[in-house]
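Residue-level structural notes
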Amino acid sequence: MRKLTIIALGLLLSINSMAQGTRRSTRGAALRVRSSAAMPSVDAVLGKYVEAIGGKAALWKISSRVSKGTFVISSLAGVIGTVEVYEKAPNLAVSVLTIPGVGTEAEGFNGTTAWVLEPDSGVVHDKSGLELATAKREAEFYEELKLKELYPRMTLKGVEKVRARMAYVIEAVPVAGSPERLYFDTLTGLLIRKDSEEEGDEGKRSIEEYYSDYRAVDGIKLPFTIHQVSSGMDFTVKLTEVKQNVPVDDAKFNKPEDQ
């Protein structure tokens, strides 16, 4: 799971006034399928996922990542821009979304403080409460290896159809925040969807996030296409470049000055 959900929603909310219509979220529209076959355990599903993306040994070898790409907001008449994500172990992350003619939004976590730079005002403010807890969880570099630590309560709910794939559905309850749903492809083991609920100044917002176009980079598989759907918003990121184990200065993740 990549660290784009929070910042994407922040930017979308900032430019929401550009939207001319709304789109009904398809959350909960997946078809639940009953099966008489024995269901795997949560540990088995998570273990298959780790192996599918490269295995523990390969994941532990990576300590930093820089991802770049483009995005399109279909719900805003095809607004396009660029995205950059910097990540560093153990839990440093910063993401930057830029729309030409609109502005730049950046969000980060430096291991202690979570912050956001708003594109409309240029003001930087700290996150607190559930927003801070979510940012800290999303910044965990070895998230795939620590899912049971990040979500102490995990329950296998069944099998559902996600687009053309069948997926095991795990309800994951974090230490702080609302329960999430993780969908793992029954054949490949890969994570193909995540349902979550973010809380902020605008209240609660349900999010569906779909992962596809997995590609191997330095021995691990990463989703190069991330599609987010929330109330009135449709947002797709396509990565064009991912570099790992590259130098990233810790100062990169610190809160910037107001612009």
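The structure we're discussing is the one just above.
First, a word on scope: everything that follows refers to the structure included in this document.

Here we look at the pattern of salt bridges
Pairs may arise between side chains of opposite charge once their charged atoms sit close together. Tallied over the entire structure, the rule returns 14 salt bridges. Its salt-bridge partner being Lys 88, residue Asp 250 comes within 2.7 Å of it at the nearest N-O pair. A residue pair is termed long-range when its members are at least 10 positions apart, and Asp 250 in the segment after strand E14 (233-244) and Lys 88 in strand E3 (residues 79-88) qualify at 162 residues. Here Lys 146 and Glu 140 are joined by a salt bridge, their closest N and O atoms 3.8 Å apart. Lys 146 sits in the partly exposed class, given a relative accessible area of 23%. The buried category is assigned to Glu 140, whose relative accessible area is 11%. A cluster of three or more residues bridged by salt bridges with shared partners is formed by Arg 137, Glu 138, Glu 180 and Lys 194.

Thoughts on unusual backbone geometry
Of note, the bond from Ala 89 into Pro 90 is cis; its omega dihedral lies within 30 degrees of zero at 5 degrees. If you trace the backbone, Pro 90 turns up in the loop between E3 and strand E4 (92-99). Positive phi, close to 55 degrees, is recorded for Arg 163, a residue that is not glycine. In this fold, Arg 163 is placed in the loop between strand E8 (153-162) and strand E9 (165-173). For Asp 218, which is not a glycine, the phi torsion comes out positive at approximately 55 degrees.

Some words on the pairing of strand E5 (residues 103-109)
Among the seven residues of E5, six are classified as buried, and the element is accordingly described as predominantly covered. Joining the antiparallel neighbours E4 and E5 is a turn of three residues, in which Gly 101 adopts a positive phi near 85 degrees. Alignment of E5 against strand E6 (residues 114-117), held across four bridges, turns out to be antiparallel. Considered in E6, the bridge of Ala 106 is made with Leu 117. Counting the residues between successive antiparallel strands, the hairpin from E5 to E6 contains four residues, one of them, Gly 111, with a positive phi of roughly 100 degrees.

Reading guide: rules and limits
- Residues numbered from 1 in each chain as written.
- Predicted model: local features only at pLDDT ≥ 70, side-chain atom pairs only at ≥ 80, totals over all residues.
- Heavy atoms only, no water.
- Salt bridge = Lys/Arg side-chain N within 4 Å of Asp/Glu carboxyl O.
- Helix = DSSP H or I, 4+ residues; strand = E, 2+ residues; numbered from the N terminus.
- Buried < 20%, exposed > 50% of the residue type's maximum accessible area, 1.4 Å probe, protein only.
- Pairing = 2+ DSSP bridges.

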